[in-house]
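Each chain, written out:
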Amino acid sequence: MKRRNLLVGAGAALAAGCAKVAESDAGAAVLSAAEDWHRKAQRLFAARTALAKEYDRSDLSPYFRGNGSRTVDTDAYRAALAEGFADWRLEVGGLVRHPLSLSLENIRRLPQRTQITRHDCVEGWSAIGEWTGPQLGTILEGAGLLPQAKYIVFRCADTLYGSRYYESVDLIDAYHPQTIIAHALNGEPLPEKNGAPLRMRIERQLGYKHAKYLTGIEAVASLDEIGRGEGGYWEDRGYQWYAGV
Ligand SMILES: Nc1nc2c(c(=O)[nH]1)N[C@H]1C(S)=C(S)[C@@H](COP(=O)(O)O)O[C@H]1N2
Ligand SMILES: [Mo]
């Protein structure tokens with residue numbers, strides 16, 4: 001009761017204050033600018049959290065091509081592939097309370113999401129595939145992000161023209177419900193060319209954001225010190241960091 005009275009009192013004082021500010025032209029301008037900003041922020045947030053279109057099984061592309069790296073050219077990867085990735089680990093670290101080291105079995109036992117989406121590559125081709133895996137959000141919850149964490153970096157096993165592939169997203173995309181760590185394509189374990197054993201699906205963005213051959217997930221406060229500092233392999237070579245589709 002006391003608390004409520006306090007709140008009502010504060011609200012009334014605030015309303016009175018606002019009415020006074022609004023009396024002056026400058027005050028009214030500030031208030032309407034604030035409302036405008038709030039409306040724009042709201043619209044932007046709604047746009048960023050909206051779901052990508054999901055398709056039916058009848059829409060599946062008969063063949064989902066492999067692009068960029070189609071394998072990892074190391075003896076360790078060939079050995080891992082031969083033994084069905086029994087020892088593959090996904091390391092989750094950086095600005096987290098509880099660093100994790102997850103096996104494929106751990107990842108398959110988490111709650112799963114399956115989604116049929118269209119992949120769009122900047123090179124001008126698209127393909128529709130069905131992806132299955134846990135939401136990245138579930139794993140981040142388990143690891144416990146520290147308040148300083150602003151971006152999630154995806155580490156990959158492959159090198160392209162001599163540099164390690166990597167990618168990153170902000171926390172809106174990290175917690176987007178369709179952002180999953182896929183271990184299956186069209187109901188089968190992920191093929192080698194499509195990033196076996198694990199690859200990201202970042203459904204609101206272009207193909208190059210979807211890191212394949214995933215080995216690590218790292219929470220960071222800044223992207224400046226990673227790679228050449230632009231947030232991803234292709235971003236370091238001039239592509240947009242935010243590649244919305
Ligand atoms: N590790 C890694 N991830 C990668 C790439 C790559 O070369 N290496 N290529 C990217 C690009 S440009 C696209 S279009 C998609 C291709 O995914 P796909 O091979 O399953 O078609 O993976 C993206 N993720
Ligand atoms: Mo691409």
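This one's a predicted model, so the numbers in the text were calculated from it and none came from an experiment.

Q: Please explain the side chain of Thr-132 as it appears in this structure.
A: By the element assignment, Thr-132 lies in strand S4 (residues 125-133). At 2.8 Å, the side chain of Thr-132 and the side chain of Thr-114 are in polar contact. The residues touching Thr-132, leaving out its near neighbours within four places in the chain, are Gln-112, Arg-113, Thr-114, Ile-180, Ile-181, Ala-182, His-183 and Ala-184.

Q: Looking at this structure, how should I read the environment of Leu-140?
A: Relative to the helices and strands, Leu-140 resides in helix H5 (residues 136-143). Expressed as a C-alpha distance, the spacing of Leu-140 and Leu-223, which sit 83 residues apart in the sequence, is 18 Å.

Q: What should I look at first to understand the confidence of the model for the protein chain in this one?
A: Close inspection of predicted coordinates is inappropriate for parts of the model with low pLDDT. The pLDDT averaged across the protein chain works out to 92; a share of 91% of its residues lies at or above 70. Taken together, the stretch residues 1-11 has pLDDT below 50 and engages in zero contacts with residues farther than four places along the chain or on a different chain.

Q: How should the sheet that holds strand S1 (residues 90-94) be read in this particular structure?
A: Sheets are built from strands that pair by backbone hydrogen bonding, the pairs being arranged parallel or antiparallel. Here five strands make up an open sheet; going across it, the order is S2-S1-S11-S5-S6 and the pairing mixed. Of all the strands in the sheet, the pair left with one neighbour each is strand S2 (100-102) and strand S6 (163-170). Strand-to-strand twist in this sheet, taken as the mean axis angle between neighbours without regard to direction, amounts to 20 degrees. Strand direction decides the pairing type here: strand S5 (residues 151-160) and strand S11 (residues 214-220), joined by six bridges, are antiparallel. Paired with Ile-152 across the bridge in S11 is Ala-219.

Q: Would you explain the pattern of salt bridges in this entry?
A: Side-chain pairs of opposite charge can arise whenever the charged atoms involved come near each other. For the structure shown, the criterion picks out 15 salt bridges. Asp-73 is paired through a salt bridge with Arg-78; the nearest N and O atoms lie 3.4 Å apart. Looking at Asp-73, the relative accessible area reads 65%, which means it is exposed. Asp-75 is paired through a salt bridge with Arg-78; the nearest N and O atoms lie 3.3 Å apart. Of this pair, Asp-75 and Arg-78 both sit in helix H3 (residues 75-82), separated by three residues, roughly a single helical turn. With relative accessibility at 42%, the residue Arg-78 sits in the partly exposed group.

Q: What is the right way to read the environment of Glu-105 from this model?
A: Tracing the chain through its elements places Glu-105 in helix H4 (residues 104-109). Assessed through its relative accessible area of 38%, Glu-105 is described here as partly exposed. Sequence separation between Glu-105 and Ala-86 is 19 residues; the distance between their C-alpha atoms is 8.4 Å. Polar contacts involving the side chain of Glu-105 include one to the side chain of Arg-109, which spans 2.8 Å.

Q: Sorry, what's going on with the pairing of S6 here?
A: Working note: regular strand, side chains alternate between the two faces of the sheet. In terms of burial, S6 is largely enclosed, as six of its eight residues are buried. The sheet contact formed by S5 and S6 spans seven bridges and is antiparallel. Across the sheet, residue Val-153 finds its bridge partner in S6, namely Ser-168. Counting the residues between successive antiparallel strands, the hairpin from S5 to S6 contains two residues, one of them, Tyr-161, with a positive phi of roughly 45 degrees.

Cut-offs used in this document
- Residues numbered from 1 in each chain as written.
- Chains lettered and ligands numbered in written order.
- Predicted model: local features only at pLDDT ≥ 70, side-chain atom pairs only at ≥ 80, totals over all residues.
- Heavy atoms only, no water.
- Helix = DSSP H or I, 4+ residues; strand = E, 2+ residues; numbered from the N terminus.
- Polar contact = N/O pair within 3.5 Å; in protein donor to acceptor, adjacent residues only side chain to side chain.
- Contact = heavy atoms within 4.5 Å.
- pLDDT = per-residue confidence, 0-100.
- Pairing = 2+ DSSP bridges.
- Axes fitted to C-alpha atoms, helices over the stretch in contact; angles between N-to-C directions.
- Salt bridge = Lys/Arg side-chain N within 4 Å of Asp/Glu carboxyl O.
- Buried < 20%, exposed > 50% of the residue type's maximum accessible area, 1.4 Å probe, protein only.

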